[in-house]
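Listed here are the chains, written in short residue letters.
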Amino acid sequence: MVFTFRKHPVSEEITPASISSSEAVEATGADALNTLKHFEERHKLDPNLPLQELNDVDTALATGNVEKGVEIETALLEENSPYPEVRAAVRNYDVDMPANTIRAWVIGLILCTVGSAVNMLFSLRNPTGDKSSVFISSPPGLRRQCLISITTYVIQLVSYPLGLLWDMIFPDRQFSILGVKFNLKPGKFNFKEHVIIVVMSNAAYGGGFLYATDVLIAQQVFYKQHFGWGFQLLFGITTLCTGYGLAGLGRRFLVWPAAMIWPSDLVNASLFYALHDHSPTDPANANGWRISRYRWFLYVLGGGFVWYWFPGWIFQGLSYFTFICWAAPKSVVVNKLFGGLHGYGLLPTTLDWTVVSGYALSPLIPPFHAVANTVAGVVVFFLIVSMGLHFSGKWYADYFVVQSSSAFDNTGAVYDVSKILNEDLIFDEEKYHSYSPLFLSTQFALCYGLSFAAAAAVIVHVALYHGKQVISQFKLARKQADDVHMRLMRKYHDAEDWWYLALFIIMIGLSFVVCCVWPTGFPPWAYVVCILIPLVWTIPIGIIQAITNIQLGLNVLTEFIIGYMLPGHPLAMMMFKNYGYICMSQALYFSQDLKLGHYMKVPPRAMFWSQLVASIWSAIVQIAVMNWALGTIPNICADDQPDNYTCPNGRVFYTASVIWGAIGPARMFSGGAIYSSLQWFWLVGAITPIITWFAARRAPKSMFNFIRSINMPLVFGGSSMIPPATSYTYLCWGMVGFIFNYFIKRRWNGWWLQYNYITSAALDCGLAISTIIIFFTLYLTSAQLPKWYGNYDVFDTLDQTGMAIKTFVAEGETFGPTSWP
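These numbers come from a predicted model, not from an experiment.

For the rest of this paragraph, the subject is the overall build of the chain. The number of helices and strands found in the chain is 32 helices and four strands. On C-alpha atoms alone, the chain measures out to a radius of gyration of 27 Å, which is about the 28 Å that the 2.2 N^0.38 rule sets for 821 residues. Counting over 821 residues, the chain shows a buried share of 60%. Long-range pairs, those at least 24 residues apart, make up 82% of the contacts in the chain with a sequence separation of at least 6. Of the roughly 31,200 Å² that the chain leaves accessible, carbon and sulfur atoms contribute 64%.

Take a look at the structure:
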């Protein structure tokens, strides 16, 4: 089996799918049945494929009905996508229109620059002003986000009127300068140009801001190391672009197959079409609704914008609506069981879209089976197992709240990292043994065990459930043609595989320069191990995300590995985590955008250059803003910085580097360490997908749909944002997901197909706009919250104050072991 580069394709004229059924007539019945046989083998365990469609295929194959086989092949493979969600959100034909235009590039680069600068600046600010907590790791899942950030939906919304304004200013005429001809307005602003703009912004700051700046701030501010602009720029650019090269090489697995639906792209596609097409909806397809999706979007956006002023400012108790805790604010048991912030949140009730979607994103996007698997994991591990551990006193749980993102010492206080460092900010083992081992809350400890299980489970799950497809896609490359969208894209010249390979190799070379030229303490062999992590895990985790819209994180795995490999090297630990985890995360962001371009029929070469240029330019802008802020803002990154520019994310990275790079995982998880039993989760994660796979292959017909939907990587890792998310926020998320993606989808399927994704986009946009306005007009002006019960007294509970603790240590006493590794 040889990895081959695809040659330049010959451009083909692709006719709209509405007339492609004529091709099916020419196909022989045997060919049709053979195609359906391969389709059934590939999609039998695909939880996104409706069971009725799979049953129709099985019936045609079992009876050998040639005519029925041709009919099903035409419906599922020739005319449209086999997935109803894709059929509803994405058009099954292409329209020739300009995409790679001056208009798209100018607007895209302006928004890329502004968004990168704003997100970088506000990532340095702690919006809460809370300086008390010490976090030993960023959340073991997706990257953390600052309160104020420019999101993809905001860019998608803002760029639309900018495109219309451009059309009002510039003429539709051709210019020529030095023989170069160009047109500033080649027709009306269209959705393909709109896609280019959004893709540039998403490539630049789809995850919030440049992750590498956390490492640079920790290095420069806390470790007093400054290697200069050359190191910073290379470090930032290689972080982004290594992932881009990996994404391009993984297109045959994550972009081109029809089964990789990328649900969040369906939201973007629906919004693109709604903004550029205001035609009314056919009531026959929407359970009688006639309103256009554009108008529905505006109504929901307006409602969401107005409503968020209540939980965001007027009545903040609506966010964590734990009224039982309000009734018994000083009861430890009640606040442990029903508290939403530090407890179990057993009565999940919220009227704030931020709580619902703030961590796991909108619950309207993932398919119901993904929501069900994630919530099942929360119920089993973060409720049932956790309660058993916590109320039995395991891991000294009586001295802590149920959940906290902080680490604690043996007095129950927040772990003071300064007490285990010498004057040069280097780990001092003698001070460590005279101070305290590190303790975690019950939920935080379980989160590490589940991260181990998810890392093992995703490899085994993908090998069993998708292994044959991965091998087939490796051989076929772009020749695979599961659905109409792949065939429609053949008319465009592709961005060659060797382009992405060359980019990947160049970035690998520059990364070696970053590690070796400057005194980072990060040896070349460690970088080789580091880059193997995204090479191994990107495809498996990408397949799970493309099917479910939930990304499993690798930051715990990277911290774990480097902590064993290079104990006592905090800077190397930070760089290892940055390259090992963020390369994969960025690769998946890029893959998601490549699929969006695939759906919207944007030329692949325009996608390549827009993403690449935006990534490099964004890294330059964000590092420039970081350096400007560090050199201009007085007392920046200090605890008492008057405007709260305390560098919270850089501080988290610094603390994590001390814990994982200095104390190390061996002292926490190996031998006689307090949390050594969590290592069993590796084995549990590796075994359980084998059990579910065998069960799905032998399940009776009545149970088949249920068992094939079990996804153990999601059960273990779907709730990876805990902490800082809580079981309460995931239960709220799951309830909304159940209402829309189970109840409404089954009862009013036409409405769901027409309006569900638009509703999700509108709620997110309304929240984003309202949040930005409230922040700049009220919080930055130091306006006072309305003084009444709903803004003050509701937060005076043991849960909200983090004091729902059974046992407190007397002054001068400690708990826990008398000696520790």
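Counted according to the given criterion, the structure contains one disulfide. Two residues, C637 and C647, share a disulfide whose sulfurs are 1.9 Å apart. A torsion of -65° about the S-S bond marks the disulfide between C637 and C647 as left-handed. In this pair, C637 is assigned in the loop between α25 (604-632) and α26 (648-663) and C647 in the loop between α25 and α26, connecting sequence segments 10 residues apart. When its relative accessible area of 4% is taken as the criterion, C637 is described as buried. Owing to a relative accessible area of 1%, C647 belongs among the buried residues under this scheme. Here C325 is not cross-linked by a disulfide; its sulfur's nearest cysteine counterpart is in C732, at 13 Å. The thiol of C447 is not disulfide-bonded; the next cysteine sulfur, from C732, is found 20 Å away.

Time to look at the pattern of salt bridges. Side chains that carry opposite charge are capable of pairing whenever their charged atoms lie near each other. Taken as a whole and assessed by the stated rule, the structure comprises 15 salt bridges. Put simply, E85 and K745 hold a salt bridge, and the shortest N to O gap is 2.7 Å. Taken as a pair, E85 in helix α5 (residues 84-89) and K745 in helix α31 (residues 727-747) lie far apart in primary sequence, 660 residues in all. The same class applies to E85 and to K745, which are both buried. In this structure, R251 and D497 form a salt bridge, with 2.8 Å as the shortest nitrogen-oxygen distance. With R251 in helix α11 (residues 251-254) and D497 in helix α21 (residues 497-517), the pair connects residues that are 246 residues apart, well separated along the chain. By relative accessible area, which is 3% here, R251 ends up buried. D497 sits in the buried class, given a relative accessible area of 4%. When salt bridges that share partners are traced, they join D94, D96, K192 and K491 into one network.

Looking now at helix α12 (residues 263-276). For α12, which comprises 14 residues, the first-to-last C-alpha distance of 21 Å matches the rise-based estimate of 20 Å (1.5 Å per residue) to within 8%. Of all 14 residues that make up α12, 13 are buried, and the element is covered over most of its length.

With that settled, consider the packing of α12 against helix α13 (residues 293-314). Interaxial distance between α12 and α13 falls to 8 Å at its minimum, and their mutual angle equals 105°. Considering their axes alone, α12 and α13 lie roughly perpendicular with respect to each other. When α12 is examined against α13, the residues S270, L271, Y273, A274 and L275 are found in contact with a partner set consisting of R293, Y294 and F297. Partitioning the contact of α12 with α13 into residue classes produces six nonpolar, one polar and one charged.

Attention now moves to unusual backbone geometry. Put simply, I722 and P723 share a cis peptide bond, and its omega is -25°. For P723, the location among the structural elements is in the loop between α30 (712-717) and α31. With an omega of 15°, the peptide bond between P723 and P724 qualifies as cis. Relative to the helices and strands, P724 resides in the loop between α30 and α31.

Judged by side-chain charge, K44, K468, R697 and R698 come together as a positively charged surface patch. Here R698 shows up in the loop between α28 (680-697) and α29 (701-708).

Structurally, the position occupied by N34 is in helix α2 (residues 29-43). According to the relative accessible area criterion, N34 is partly exposed, its value standing at 40%. With 644 residues separating them in the primary sequence, N34 and L678 have C-alpha atoms 48 Å apart.

The subject of this paragraph is the packing of aromatic side chains. Evaluated as defined, the whole model comprises 63 aromatic pairs. With a centroid separation of 6.1 Å and an interplanar angle of 50°, the aromatic rings of F560 and F669 are classed as tilted. Pair noted here: F560 is in helix α23 (residues 555-565) and F669 is in helix α27 (residues 666-669), with a separation of 109 residues, a long-range link. F669 carries the same exposure label as F560, and that label is buried. Here the aromatic cluster, defined as three or more aromatic residues joined through ring pairs, consists of F227, F231, F235, F512, W518, F522, Y527, F576 and Y579. Over the aromatic face of W752 sits the side chain of K745, whose NZ or CZ is 4.6 Å from the ring centroid.

With that settled, the discussion passes to the packing of helix α6 (residues 102-123) against helix α7 (residues 152-169). In contact at an axis separation of 11 Å, α6 and α7 are set at 135° when each is read in the N-to-C sense. If you check the angle between α6 and α7, you find them oblique. Considering how the two elements wind past one another, α6 and α7 form a crossing that is right-handed. Of the residues in α7, those in contact with R103, V106, I107 and L111 of α6 are I155, V158, S159, L162, G163, W166 and D167.

Another aspect to go through is the confidence of the model for the chain. Across the chain, pLDDT averages 85, with 92% of residues at or above 70. Long-range and interchain partners of residues 129-146, a stretch whose pLDDT sits below 50, account for 78 contacts in this model, where long-range means more than four residues apart.

All right, on to the environment of L554 then. Note on placement: L554 falls in the loop between α22 (524-548) and α23. For the pair formed by L554 and S585, sequence separation is 31 residues and the distance between their alpha carbons is 8.5 Å. Residue contacts for L554: discarding those within four places in its chain leaves I533, W537, I541, G580, Y581 and M584.

We now examine the pairing of strand β2 (residues 180-183). For strand β1 (residues 174-177) and β2, the ladder comprises four bridges, and the chain directions are antiparallel. Among the inter-strand pairings, S176 is bridged to a residue of β2, identified as K181. The loop that links β1 with its antiparallel partner β2 comprises two residues; one of these, L178, has a positive phi angle of about 55°.

Quick notes on the rules
Residues numbered from 1 in each chain as written. Predicted model: local features only at pLDDT ≥ 70, side-chain atom pairs only at ≥ 80, totals over all residues. Heavy atoms only, no water. Helix = DSSP H or I, 4+ residues; strand = E, 2+ residues; numbered from the N terminus. Rg over C-alpha atoms; globule rule 2.2 N^0.38 Å. Buried < 20%, exposed > 50% of the residue type's maximum accessible area, 1.4 Å probe, protein only. Contact = heavy atoms within 4.5 Å. Areas by Shrake-Rupley, 256 points an atom, 1.4 Å probe, with all protein chains shown as cover. Disulfide = S-S within 2.5 Å. Salt bridge = Lys/Arg side-chain N within 4 Å of Asp/Glu carboxyl O. Expected span 1.5 Å × (residues − 1). Axes fitted to C-alpha atoms, helices over the stretch in contact; angles between N-to-C directions. Parallel < 35°, antiparallel > 145°, perpendicular 65-115°, else oblique. Nonpolar A, V, L, I, M, F, W, Y, C, P; charged D, E, K, R; others polar. Patch = residues over 30% accessible without salt bridge, like charges linked within 9 Å, V, L, I, M, F, W, Y side chains within 5 Å. Lys, Arg positive; Asp, Glu negative; His and termini not counted. Charge placed at Lys NZ, Arg CZ, Asp CG, Glu CD. Phe/Tyr/Trp six-rings, centres within 6.5 Å; stacked < 30°, edge-to-face > 60°. Lys NZ or Arg CZ within 6 Å of the ring centre and 35° of its normal. Left-handed = near helix turned anticlockwise from the far one by under 90°. pLDDT = per-residue confidence, 0-100. Pairing = 2+ DSSP bridges.

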